[in-house]
Amino acid sequence: MDQPLKTVITGVSGRMGRMLVATIADSDRAVVSGAVERAGHDWIGCDLGEALGGAATGVTVTDDIAQALQGADAVIDFTAPAATIAFAQAAAEAGVAHVIGTTGMTPEDIAQLSEPAERTVLVRAGNMSLGVNLLVQLTKRVAAALDEDFDIEIIESHHNQKVDAPSGTALMLGEAAAAGRGVALEDVSDRGRDGITGARTRGDIGFAAIRGGDIIGEHDVMFAATGERITLRHVASDRSVFARGAVKAALWSRGKTPGAYDMLDVLGLSED
């Protein structure tokens, strides 16, 4: 049996950071070997377990990503685009697999991950859950089967602290729908409707974002035609689904050839 995967968690004090620590604690296949927070954070220099209100773990929270990556096998990263780009370079230099769940990344941000992916395994997804990735596949297939008589609308709901819109998952679904139709999402995306907008453009893929309360994540893909509608839906009721998926991706990364991967590769659903 392989030794437990030595895993570094970035943004360890955040919602996902804490959930990842708890998820790994329940696993016999991975251990937390490093914990990273931003410079100046109150947890810097503290034992991770004690910072979380429990027993000491021997892992000290640091703001030095290079130090945290020493001897590690993988780093799991749900932070912010600028930080993720820096972590990608550090992971590549250390030869450590990088699992990215960060959302809000622009095409320019994503392009900056190409070079690090030539040197290490990089797994990036707008959503790490099994159910969402199945939804992505279903969306592509339904979009391919239906013509432009069916308008496509993507509606996503999240908590009131989420800072980006549309969500990374909504964009994944939009990309899948566009791929099914054989078009580029940037050519058909409709993200802003306010005031007198005129009639809907045939073939567009519309997005709507809802922010409120503590909604973890809900995504609907609606195919609407005259007289009928098809709606594909995924609801996340527990943030642990994303943590479990990210840990699965980190475990999958062991022994893989450097390159850029996504959750479809991890789950064996890639069509390539």
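Look up a bit, the structure's there.
Residues numbered from 1 in each chain as written. Predicted model: local features only at pLDDT ≥ 70, side-chain atom pairs only at ≥ 80, totals over all residues. Heavy atoms only, no water.

(A) Expanded view of the overall build of the chain. Scanning the chain from N- to C-terminus turns up eleven helices and twelve strands. For 272 residues, the compact-globule formula gives about 19 Å, and the C-alpha radius of gyration of the chain, at 20 Å, lands near that figure. When its C-alpha atoms are laid out on the principal axes, the chain stretches across 60 × 40 × 30 Å. Long-range pairs, those at least 24 residues apart, make up 68% of the contacts in the chain between residues at least 6 apart in sequence. (Helix = DSSP H or I, 4+ residues; strand = E, 2+ residues; numbered from the N terminus. Rg over C-alpha atoms; globule rule 2.2 N^0.38 Å. Contact = heavy atoms within 4.5 Å.)

(B) Quick peek at the sheet that holds strand E11 (residues 228-236). Taken together, the five strands give an open sheet; going across it, the order is E8-E9-E7-E10-E11, and neighbouring strands pair in mixed fashion. Across the chains shown, the open sheet's two edge strands, defined by having one partner strand only, are strand E8 (189-190) and E11. Pairing between strand E7 (residues 151-158) and strand E9 (residues 205-211): seven bridges, direction parallel. When the sheet's bridge partners are listed, Ser 157 is paired in E9 with Ile 210. (Pairing = 2+ DSSP bridges.)

(C) Representation of the sheet that holds strand E6 (residues 121-124) within the structure. The seven strands lie next to each other as E3-E2-E1-E4-E5-E6-E12, forming an open sheet whose pairing is parallel. Two strands lie at the open edges of the sheet, namely strand E3 (61-62) and strand E12 (259-261), each paired on one side alone. Its contacts with the sheet put helix H4 (residues 81-94) on strand E1 (5-10), strand E2 (30-36), strand E4 (74-77), strand E5 (97-100) and E6, and the angle it makes with E5 is roughly 160°. Across the sheet, helix H10 (residues 240-253) touches E1, E2, E4, E5, E6 and E12, and the angle it forms with E4 is around 155°. (Axes fitted to C-alpha atoms, helices over the stretch in contact; angles between N-to-C directions.)

(D) Expanded view of the environment of Ala 125. Here Ala 125 lies in the loop between E6 and helix H7 (130-145). Overall, the relative accessible area of 5% leaves Ala 125 in the buried class. Linking Ala 125 and Thr 103, residues 22 residues apart in sequence, is a C-alpha distance of 8.4 Å. Other than its neighbours up to four places away in sequence, Ala 125 contacts Ile 100, Gly 101, Met 172 and Met 263. (Buried < 20%, exposed > 50% of the residue type's maximum accessible area, 1.4 Å probe, protein only.)

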